[in-house]
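Chains, contacts and geometry: an overview
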Amino acid sequence: MSTVMIIDDSKTSRSMLKTILEENGYEVIAEAKNGQEGYEKYCELHPDIVTLDITMPVMDGIETLTKIREYDDNAKVIMVTAAGQKGKMLDAIKLGAAEFVTKPFETSQIVNILDSIK
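Below, the structure is looked at part by part. Predicted, not measured: the structure shown is a model, and the values here were computed from it. (Residues numbered from 1 in each chain as written. Predicted model: local features only at pLDDT ≥ 70, side-chain atom pairs only at ≥ 80, totals over all residues. Heavy atoms only, no water.)

Moving on, we come to the environment of L21. Relative to the assigned elements, L21 resides in helix α1 (residues 11-23). On the accessibility criterion, L21 (1% relative accessible area) is buried. Each C-alpha atom of the pair L21 and T3 lies 9.7 Å from the other, and the pair is 18 residues apart in sequence. Residues contacting L21, with those up to four places away along its chain left out, are V4, I6, Y26, V28, I110 and L114. (Helix = DSSP H or I, 4+ residues; strand = E, 2+ residues; numbered from the N terminus. Buried < 20%, exposed > 50% of the residue type's maximum accessible area, 1.4 Å probe, protein only. Contact = heavy atoms within 4.5 Å.)

See below:
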C-alpha cells in the first residue's frame, strides 16, 4: 500500500482528499496545513506520494516543492491548485512535480493520477 501525505491549508480539501485516497487503497500517513509543516513532515516520514496545494500561508507550494525535491530528488509530488494558475503549474512541472490536478477534483482523476505514478 502506497503512503501519501496531504499538504493543503484547506481543512475541507484535506478531508476530501483523505477520504478519496483511503477509499481507494492508499494510506494517508500525515497531513499538513502549510508548506513549512509539510516539508518537515516529509523529511520525517518519507511518504511515497505527496499532494501539495500551491497557494498556502507560511511557505507556498512552489517553494515547498523546491525544498522537497532538493531533499529527495525522487519525491513524487502531485500539485493541487485552483483553476487559473497555469503559470504556477508550469513552474511546478519544471521544478519536478510528477503531475497536477485542479480543484474541484473528481475521485477518478485523483485515483488515476496516483495509480499512474506509484
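This next bit is on unusual backbone geometry. With an omega of -5 degrees, the peptide bond between K103 and P104 qualifies as cis. Here P104 shows up in the loop between β5 (99-103) and α5 (107-117). A positive phi angle is found at H46, which is not glycine, with a value near 50 degrees. Summarising the element assignment, H46 is placed in the loop between α2 (35-45) and β3 (49-53). Within the chain, V58 stands out as a residue other than glycine whose phi angle is a positive 70 degrees. On the secondary structure map, V58 appears in the loop between β3 and α3 (61-71). Residue class for V58 comes out exposed when judged on its relative accessible area of 67%.

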